[in-house]
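Residues per chain, in single letters:
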Amino acid sequence: MDTIKSIDYPVFFNDTLTQLVNLIEKGNYSRFFILTDEHTGEHCLPLLQSHLEHLNDKYDVIEVSAGEESKNIDFCSGIWKMLIDFGADRHSLMINLGGGVIGDMGGFAASTYKRGIDFVQVPTTLLSQVDASVGGKTGIDFDNLKNIIGTFTQPKAVFIEPTFLQTLPQRQILSGYAEMLKHGLIQDAVYWNQLKEQGISNGAPAPELIHRSVAIKNNVVVNDPFEKGFRKCLNFGHTVGHAVETYSLQNDDGKHITHGEAVAIGMICEAWLSHKKAGLSAEELSEIATVLNNLYPKYDLDESCYTLLHSLMKTDKKNQNGFVNCTLLNKIGECSIDHICTEEELCDSLRYYAT
Ligand code: NAD
Ligand code: ZN
């Protein structure tokens, strides 16, 4: 599989860990630091370390607790503190070995430490491989707001190693798979059909499918690195999806859903809106809903939560002037941005999902 050229860095797919060692050696770094969480420290670090035996005295490992709860200023301060204690200078390298939490927070810590040190992304979840690791968004959550503090800083390189997915729980695989389906829906009908046919049985998608997804995301971010317009096409499923995700996190019923599960619900609702407002045919709407309903568990969203969900959509940071803006599909494989949707339309789309 070809290396993908992103904004100003490569995304490697073959011999990735050897390529990473090459980058460390050629970069002449004074020291390097591997950031992990407790799960990637257990499942992914040993494989990486087996490539680094000749560099044992050149690096330290920094481990944080797993999960979104760690993506905050306290853990970030902990990383800065460790970098200081380990004597990291401006010529240090940070290796972010983990999912989107590690990639976002490690990228942010690196991009601000001593006004910025080099970092690379070694994404270990499907979601971070096909979505979070390309595009240069780094950040942390703050004051109960997701990704509210951060920078646009590009990594030196991204290394997509399929082996890491072997230990990833199936629910996390499905979470990332929702973004792959989204990539097909917004940009590539042939790819959507491939995903429908090959799918995932009990394991990860084929590396070639992951490669295609990264290529689609990369093409979008290369054309709009600072999210001025075109990049909004990646928001398909996310206006309703983010509201549902936040609602499930706030709702103390213990049924928290993954990002991908929320986006799958969002894609069904926004496919319905696409049919009403953007030209998606009834047949394609029904095809999308069937594929997603077969893959993802039904989440209970009754009328009583629609007002709250709508107010969450209105406060989405991607909206302007209090209108709810959606990216919709004109057909499978083609989308358009900036469709203003009314409360009534959004509630009807939730009703479509619920029935
Ligand atoms: P995550 O990093 O929390 O990983 C999910 C879980 O899987 C964690 O418990 C983690 O420890 C575990 N894990 C990771 N790799 C593993 C492996 N190989 N084997 C076993 N367990 C493993 O979450 P995520 O879903 O990868 O990422 C979500 C985060 O990504 C969110 O914070 C989101 O805001 C961010 N994100 C960023 C971008 C971006 O453009 N920067 C895009 C999408 C999402
Ligand atoms: Zn997403």
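Predicted model only: the values in this text are computed from it and were never measured.

### Section: the domain arrangement of the chain
(1) Moving on: When its domains are assigned, the chain resolves into domain 1 (4–167) and domain 2 (170–205 + 225–354).
(2) Moving on: Taking only C-alpha atoms, the centre of domain 1 and the centre of domain 2 are 29 Å apart.
(3) Moving on: Contact residues are listed per partner, giving eleven residues for domain 1 and twelve residues for domain 2.
(4) Moving on: Element by element, the count of residues in the side of domain 1 that touches domain 2 is highest for helix α6 (residues 126–132), at five residues.
(5) Moving on: Partitioned by chemical class, the residues of the side of domain 1 that touches domain 2 number seven nonpolar, three polar and one charged.

### Digging into the nonpolar core
(1) Moving on: Within the largest apolar cluster, 96 residues are counted, with the highest numbers of intra-cluster contacts made by F33, L35, I95, V120, L185, M267 and I268.
(2) Moving on: Among the elements that make up this core, the one with the highest residue count is helix α11 (residues 259–277) (ten residues).
(3) Moving on: Structurally, this core is a two-domain feature, drawing no fewer than three residues from each of domain 1 (4–167) and domain 2 (170–205 + 225–354).
(4) Moving on: Sequence-distant contacts of F33, that is, excluding residues within four places in its chain, are made with Y59, D60, I62, L83, F86, A88, S92, M94 and I95.

### Quick look at the environment of D2
(1) Moving on: Within the fold, D2 resides in the segment before β1 (4–5).
(2) Moving on: We classify D2 as exposed; it has 10 C-beta atoms within 10 Å.
(3) Moving on: Residues D2 and M94 lie 92 residues apart in sequence; the distance between their C-alpha atoms is 25 Å.

### Some remarks on the packing of helix α4 (residues 73–85) against helix α5 (residues 100–112)
(1) Moving on: One way to put it is that α4 packs onto α5 with a least axis distance of 10 Å and a crossing angle of 50°. In terms of axis orientation, α4 runs oblique to α5. The chirality of how α4 crosses α5 is right-handed. Two secondary-structure elements touch here, α4 through F75, C76, I79 and W80 and α5 through M105, F108 and A109.
(2) Moving on: Class assignment for the residues of the contact of α4 with α5 results in seven nonpolar, no polar and no charged.

### Concerning the UniProt feature "domain: 3-dehydroquinate synthase N-terminal" (unreviewed entry) in the chain
(1) Moving on: With numbering aligned to this structure, UniProt lists the feature "domain: 3-dehydroquinate synthase N-terminal" (unreviewed entry) at residues 62–173.
(2) Moving on: Secondary structure across residues 62–173 comprises 33% helix and 28% strand; the distance between its end C-alpha atoms is 25 Å.

### Let's talk about the packing of helix α10 (residues 238–250) against α11
(1) Moving on: Look at α10 against α11: their axes get within 7 Å of each other, and the N-to-C directions meet at 135°. Considering the angle they form, α10 stands oblique to α11. Read as a crossing pair, α10 and α11 show a hand that is right-handed. Where α10 abuts α11, its residues H238, T239, V240, G241, V244, E245 and S248 lie against H259, A262, V263, I265, G266, C269 and E270.

### Digging into α5
(1) Moving on: Counted at 1.5 Å a residue, the expected span for α5 with its 13 residues is 18 Å, and the 18 Å between its end C-alpha atoms agrees.
(2) Moving on: Among the residues making up α5, those that are buried are G100, V101, I102, G103, D104, M105, G106, G107, F108, A109, A110 and S111.
(3) Moving on: Just downstream of α5 lies K114, where phi reads positive at about 50°.

### Focus on unusual backbone geometry
(1) Moving on: A positive phi angle, near 45°, is found at D15, a position not held by glycine.
(2) Moving on: For D15, a count of 12 C-beta atoms within 10 Å translates into the label exposed.
(3) Moving on: Despite not being glycine, D338 has its phi angle at roughly 65°, a positive value.
(4) Moving on: Considering the arrangement of structural elements, one finds D338 in strand β11 (residues 334–341).

### A look at the site of ligand 1
(1) Moving on: Neighbouring residues of ligand 1: 31 residues in total, closest H39, G99, G100, T125 and A132.
(2) Moving on: Contributing elements (two or more residues each) for the shell around ligand 1: α2 (38–43), α5, α6, β8 (145–152) and α7 (170–187).
(3) Moving on: Grouping the amino acids of the shell around ligand 1 by side-chain chemistry returns eight nonpolar, 16 polar and seven charged.

Calculation criteria
- Residues numbered from 1 in each chain as written.
- Chains lettered and ligands numbered in written order.
- Predicted model: local features only at pLDDT ≥ 70, side-chain atom pairs only at ≥ 80, totals over all residues.
- Domains from an automatic or database assignment.
- Contact = placed C-beta atoms within 7 Å.
- Helix = DSSP H or I, 4+ residues; strand = E, 2+ residues; numbered from the N terminus.
- Nonpolar A, V, L, I, M, F, W, Y, C, P; charged D, E, K, R; others polar.
- Core = buried A, V, L, I, M, F, W, Y, C linked by C-beta atoms within 7 Å.
- Buried ≥ 20, exposed ≤ 12 C-beta atoms within 10 Å, placed from the backbone.
- Axes fitted to C-alpha atoms, helices over the stretch in contact; angles between N-to-C directions.
- Parallel < 35°, antiparallel > 145°, perpendicular 65-115°, else oblique.
- Left-handed = near helix turned anticlockwise from the far one by under 90°.
- UniProt positions renumbered as here; feature names shortened; annotations may be inferred.
- Expected span 1.5 Å × (residues − 1).
- Near = placed C-beta within 6 Å.

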